[in-house]
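# An overview of the molecular structure
Chain by chain, the residues run as shown.
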Amino acid sequence: MTADAKDPAYGTILLERADGIAWVTLNRPERLNATTEQMHHELLDAFDRVADDGSTRVLVLTGAGDRAFCIGSDLGFLTEVLDGEETDSDLFAAYLERLNRVVFALERMPVPTIAMVQAKARASGFEMVVACDFVLIAEEARIGDVHTPYGHMPGAGATHRTVRKMGLQPAMELLMTGRWLSAAEAVDTGLALRAVPRDRLREETASFARTLADVPGDCLRHLKSAVMGGLGRTVEEAVAVETSAYLTLLHSSSGPVDGFRTGQRERALRRAGGAAGGESGAAAIPAQGSGPPP
């Protein structure tokens, strides 16, 4: 895969785009892909580019190397904030504001997002993972918030997103004990979609991303907006969000019309094939309700 010529040369991440899939790689393997101010700014720029690129249909976020997806904040920054005579709370507040901008930009990406977790994900790395729509994790990897063993707590959404994905008690247990989850546990608790051997992780992730990227039209963008827009609402409100998204899709994209016409042609071919084979036309017609909706 080669990088798009329009993509800038970043210092702490890589951005590669090909065939409708954007791969964003945290690229500080020598520092376990720990986040820095520069990385925050580069991630925000990359996410903006992907969001504005109408040809990108899926985003994959991963880390370089086989030791960590992202271990959290860079130790140099934490030393600057915490190791003086007084805690530099203003500097830390600015850091948390910027980190939350990164995580929200990832969560609000209009296209489906996949975290490809090849190794440890902790703290802000964990918070980016749980902000993605899907998580594919190497069987050898472990993930966890892991703040409390060091006297800290999450600051970029883990208290909300982890509860939303796991349920209240399992999430509280994970966050309060600060323990690590194995890949199998991550799948069992709903934090990950599936676990695969590390040597097959890229292949499996690319295949899943390709499946999503090949869905015709813009329906996944609007479907994601309906799901995310309905979170935290009553059933009636959430269904209204879904209906609005569907109508927007109908008015803004040729996908539904193209899909319906494709289904009509396929049905006609099946009827013709059934007649040629001696079957009744009715027997060759799919049951009512199958195929693309009108």
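Here, the structure is the one placed above.
Here goes a summary of the coordinates provided.

### Brief notes about unusual backbone geometry
Trans peptide bonds make up most of the peptide bonds, and negative phi angles are found at most residues other than glycine. Positive phi, close to 55°, is recorded for Asp-19, a residue that is not glycine. Locating Asp-19 in the fold gives a position in the loop between strand E1 (13-18) and strand E2 (21-26). Unusually for a residue other than glycine, Ala-123 sits at a positive phi of about 55°. With respect to the secondary-structure elements, Ala-123 resides in the loop between strand E6 (120-122) and helix H4 (124-130). Note on Ala-123: relative accessible area 9%, which makes it buried.

### Quick word on helix H8 (residues 198-213)
Over its 16 residues, H8 extends 23 Å from the first C-alpha to the last, a length consistent with the 22 Å expected when each residue adds 1.5 Å. Listed in full, the buried residues belonging to H8 are Leu-201, Thr-205, Phe-208, Ala-209, Leu-212 and Ala-213. Across the axial projection of H8, the buried residues extend over an arc of 135°, all falling on one side. Residues Asp-199 and Glu-203 are exposed on H8 and point more than 90 degrees away from its buried face. On its buried side, H8 packs onto E2, strand E3 (58-63), strand E5 (113-117), strand E7 (134-138), strand E10 (194-196) and helix H9 (219-230).

### Points about the packing of aromatic side chains
A complete count under the given rule lists four aromatic pairs for this structure. Judged by centre distance (5.7 Å) and plane angle (25°), the rings of Phe-92 and Tyr-95 are stacked. Taken together, the positions of Phe-92 and Tyr-95, both in helix H3 (residues 89-107) and three residues apart, correspond to about one turn of that helix. Between Phe-134 and Phe-208, the ring centres sit 5.0 Å apart and the planes meet at 90°, which makes this aromatic pair edge-to-face. With Phe-134 in strand E7 and Phe-208 in helix H8, this pair connects stretches of sequence that are 74 residues apart. Members of the aromatic cluster, joined through ring pairs, are Phe-77, Phe-92 and Tyr-95. When the ring centre of Trp-180 is taken as reference, the NZ or CZ atom of Arg-142 above it lies at 4.8 Å.

Rules and cut-offs
Residues numbered from 1 in each chain as written. Predicted model: local features only at pLDDT ≥ 70, side-chain atom pairs only at ≥ 80, totals over all residues. Heavy atoms only, no water. Helix = DSSP H or I, 4+ residues; strand = E, 2+ residues; numbered from the N terminus. Buried < 20%, exposed > 50% of the residue type's maximum accessible area, 1.4 Å probe, protein only. Expected span 1.5 Å × (residues − 1). Arc of directions from axis to C-beta. Contact = heavy atoms within 4.5 Å. Phe/Tyr/Trp six-rings, centres within 6.5 Å; stacked < 30°, edge-to-face > 60°. Lys NZ or Arg CZ within 6 Å of the ring centre and 35° of its normal.

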